[in-house]
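Residue-level structure breakdown
Below are the chains, spelled out letter by letter.
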Amino acid sequence: MSTVIKGGTIVTADLSYSADVLIEGGRIVQIGVGLTGDTVLDATGCYVMPGGIDPHTHLEMPFMGTYSSDDFESGTRGALAGGTTMVVDFALPAPGEGLLDALKKWDNKAGRACCDYSFHMAITWWGEQVFNEMQAVTERGINTFKHFMAYKGSLMVNDEELFASFRRCAELGAVPLVHAENGDIVASMSTRLLAEGNKGPEAHAYSRPSQVEGEATNRAIMIADMAGVPLYVVHTSCEESHEAIRRARMLGKRVWGEPLIQHLVLDESEYANPDWDHAARRVMSPPFRDKRHQDSLWAGLASGSLSCVATDHCAFTTEQKRFGIGDFTKIPNGTGGLEERMPMLWTTGVRTGRLTPNEFVGVTSTNIAKILNIYPQKGAVLVGADADLVVWDPEARKVITASAQQSAIDYNVFEGREVVGLPRFTLTRGVVAVTEGKVDTHEGHGRFVARQPRGAVGQALSTWKALTEPRPVPRAGIPASGV
Ligand code: URP
Ligand code: ZN
Ligand code: ZN
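Residues numbered from 1 in each chain as written. Chains lettered and ligands numbered in written order. Predicted model: local features only at pLDDT ≥ 70, side-chain atom pairs only at ≥ 80, totals over all residues. Heavy atoms only, no water.

To continue, consider the overall build of the chain. Helices and strands together make up the secondary structure of the chain, namely 15 helices and 20 strands. For 483 residues, the compact-globule estimate of 2.2 N^0.38 gives 23 Å, and the C-alpha radius of gyration of the chain, at 21 Å, lies within 12% of that figure. With respect to the three principal axes, the spread of C-alpha positions in the chain is 70 × 50 × 40 Å. Relative to its 483 residues, the chain shows a buried fraction of 62%. Restricting to contacts in the chain with at least 6 residues of sequence separation, those with at least 24 account for 76%. As displayed, the chain has an accessible area near 17,300 Å², and 51% of this comes from carbon and sulfur atoms. Here the chain carries 46 positive and 57 negative side-chain charges, and the mean point of each set is 2 Å from the other. (Helix = DSSP H or I, 4+ residues; strand = E, 2+ residues; numbered from the N terminus. Rg over C-alpha atoms; globule rule 2.2 N^0.38 Å. Buried < 20%, exposed > 50% of the residue type's maximum accessible area, 1.4 Å probe, protein only. Contact = heavy atoms within 4.5 Å. Areas by Shrake-Rupley, 256 points an atom, 1.4 Å probe, with all protein chains shown as cover. Lys, Arg positive; Asp, Glu negative; His and termini not counted. Charge placed at Lys NZ, Arg CZ, Asp CG, Glu CD.)

Below, the structure is given as structure tokens:
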């Protein structure tokens, strides 16, 4: 059975042109004019783009005494509804837990995914077991390791541990990721704020000024430089952090920054809302910031000093947020965004002229596929690539509301905002999952995407061979030979 996407304009990170796309066996088999297939999807007036890749999600994540409320089923259903066809989640070992044990847990949870997925492995403690298991993790197709420089007393690692882990990443051809905030200073400011009677959600933002992020980003860049390894900075939210990334890149270092759609669109005034629930629902780390920082992030995306737009999707219900009534440090940190990322970025980025459609494809899909070393299996419209595609209707519109969302939580941080630009169809490995807002997903359809280590100097190795050869189906816990 074949499917043809007809009459659209193909938009990649590099170019735009009119052509049909023929799909068979989950992959693109032909691109050309006048193609026919068993099923025809009408793309007239639409852009045919690589499906989005969200490199930063926390689905069913144990965090701050609870679990994030979207699991791999609802999370990936929301992803597909918004045009995202792959997510990369974080496997999170509890302190003292082995990496492979954590990986097994995430592998089980992800069995319910409706779209393809991969994992970053978090380094939440340090010791010989972690050092040894990092190699086994890379052999299972995971080439990224996440480090929290914040969350003192739970997930945070210190500089000695960072340096040791970064050096290990360098040996393994892996890329370290950092949540860059100075956790000691956040903890100290939080204690003082509480002692002074600042207990509400707005104090969360006071406890994490942009300097704590700028300082930690600078420090992580220097540590990565000394370890001889590239660096990926997650949820870059402020000018100080962006400035450090920009400078490092100008000096020839492979450092990538990842703004979130929430930081691009929502600002610190959300915390001044007198409704406790409203403000607490928007508590995340780093917090929302002012226009100066937002302008900096947009400029970074346009100029290329920032590389990818993610969500850090970590959704908690209002009931869960209320754990922090009377003490802002107990409000579970995190917001949703998986379903809204692409429509919101199109609306606020492309329609305003801040980004071109090609840049949109770069920052939502292709750039991260290259960083993760899965391009052109993912992030491409090319013969041989996976048919993870979105047929994008630039004129379709809707008003975002929690009552119509796929996410399991009871509110939406973008409630009431109108988006213009939505998927007409979303295809996951050739299977149509979304048709004009109607979602028809299949739990368990998603597959683990294995990722090769990068080269000695941190450059992605070519995966072109993978396009022309049969691909074994790996699971994270079970290495597949030849992948
Ligand atoms: O507030 C956030 N970002 N929650 C999720 C965990 C993290 O720090 O990425
Ligand atoms: Zn984080
Ligand atoms: Zn995160």
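Here the narrative resumes.
As recorded in UniProt, the feature "modified residue: N6-carboxylysine" (unreviewed entry) lies at K146. On the basis of relative accessibility, which here comes to 1%, the residue K146 falls in the buried class. (UniProt positions renumbered as here; feature names shortened; annotations may be inferred.)

Bringing the environment of D275 into the picture now. Tracing the sequence through the fold places D275 in the loop between α9 (261-265) and α10 (276-281). Taking relative accessible area as the criterion, D275 reaches 38% and is therefore assigned partly exposed.

Around the zinc ion (ligand 2), the protein contributes the donor atoms H179 (ND1) and H235 (NE2), at 2.1 Å from the metal centre. Around the zinc ion (ligand 2) sit four donor atoms; with metal-centred angles ranging over 57 to 148°, the donor geometry is irregular. Metal-to-metal, the separation of the zinc ion (ligand 2) and the zinc ion (ligand 3) is 3.7 Å. Placement of H179 in strand β14 (residues 175-179) and of H235 in the loop between β15 (231-233) and α8 (239-250) is noted, with a sequence separation of 56 residues between them. An identical accessibility class is assigned to H179 and H235; each is buried. (Donors = N, O, S within 2.8 Å, 3.2 Å for Na, K, Ca; no water. Tetrahedral: all angles 85-135°; square planar, octahedral: opposite > 155°, others 65-115°.)

It is worth spelling out the sheet that holds β15 at this point. Here seven strands make up an open sheet; going across it, the order is β8-β11-β12-β13-β14-β15-β16 and the pairing parallel. Every interior strand has two partners, whereas the edge strands, β8 (52-57) and β16 (255-257), have only one. The mean angle between the axes of side-by-side strands here comes to 25°, regardless of whether they run parallel or antiparallel. The pairing of β8 with strand β11 (residues 84-91) spans four bridges and is classified as parallel. Residue pairing in the sheet places T57 in a bridge with D89 of β11. Its contacts with the sheet put helix α13 (residues 341-350) on β8 and β11, and the angle it makes with β8 is roughly 110°. (Pairing = 2+ DSSP bridges. Axes fitted to C-alpha atoms, helices over the stretch in contact; angles between N-to-C directions.)

Right, let's talk about the side chain of S307 for a bit. With respect to the helices and strands, the residue S307 is situated in the loop between α11 (291-303) and α12 (318-321). By relative accessible area, S307 is classed as buried at 5%. Residues within four places of S307 in sequence aside, it is in contact with R249, W256, G257, G362, V363, N367 and I371.

Moving on: the nonpolar core. Formed by 96 residues in total, the largest nonpolar core has its most connected members in F119, F145, F166, V178, L231, L264 and L345. Membership of the second largest hydrophobic core comes to 18 residues, among which are A19, V48, A385 and L389. (Core = buried A, V, L, I, M, F, W, Y, C linked by side-chain atoms within 4.5 Å.)

Here the UniProt feature "domain: Amidohydrolase-related" (unreviewed entry) sits at residues 47-418. Measuring from the first to the last C-alpha atom of residues 47-418 gives 20 Å, for a span that is 40% helix and 15% strand.

Moving on: the sheet that holds strand β17 (residues 389-399). On the basis of which strands lie adjacent, the open sheet formed by seven strands has the order β3-β2-β7-β17-β18-β19-β20 and mixed pairing. Only two strands of the sheet have a single neighbouring strand rather than two, namely β3 (16-18) and β20 (438-439). As paired elements, strand β2 (residues 9-11) and strand β7 (residues 47-50) share two bridges and run parallel to each other. Along β7, the bridge assignment pairs I10 with V48. Packed onto the sheet, α13 meets β7, β17 and β18 (418-428) and runs at close to 135° relative to β18. Against the sheet, helix α14 (residues 357-371) makes contact with β2, β3, β7 and β17, and its axis sits at roughly 30° relative to β7, the strand it touches most.

Another point: the site of ligand 1. If you check the shell around ligand 1, you find H56, H58, F63, Y151, H179, H235, M284, S285, D312, C314, N333 and G334 and nothing else. Note that an oxygen atom of ligand 1 is positioned 2.8 Å from one of the backbone N or O atoms of S285. Calculation on ligand 1 without its partners gives an accessible area of 260 Å², and the protein chains cover 100% of this total. Residue composition of the shell around ligand 1, by class: four nonpolar, seven polar and one charged. (Near = heavy atom within 4 Å. Polar contact = N/O pair within 3.5 Å; in protein donor to acceptor, adjacent residues only side chain to side chain. Nonpolar A, V, L, I, M, F, W, Y, C, P; charged D, E, K, R; others polar.)

Our focus in this paragraph is the coordination of the zinc ion (ligand 3). Four donors placed tetrahedrally about a metal ideally form angles of 109.5 degrees, and six donors placed octahedrally ideally form angles of 90 or 180 degrees. Around the zinc ion (ligand 3), the donor atoms from the protein are H56 (NE2), H58 (NE2) and D312 (OD), and they sit 1.9 to 2.2 Å away. Around the zinc ion (ligand 3), the four donor atoms are arranged such that angles at the metal cover 82 to 139°; this shape is classified as irregular. When the donors of the zinc ion (ligand 3) are listed by position in the chain, the intervening gaps give H-x1-H-x253-D. Here D312 falls in the buried class, since its relative accessible area comes to 7%.

What follows covers the packing of α8 against α11. When two helices pack together, their arrangement is given by the angle between the helix axes and by the axis-to-axis distance. Here α8 crosses α11 at 30°, and the two axes come no closer than 9 Å. Between α8 and α11, the angle is such that the two are roughly parallel. From α8, E239, E240, H242 and R246 reach across to α11, where they touch R292, H293, S296 and G300. For the contact of α8 with α11, the class distribution of residues is no nonpolar, four polar and four charged. (Parallel < 35°, antiparallel > 145°, perpendicular 65-115°, else oblique.)

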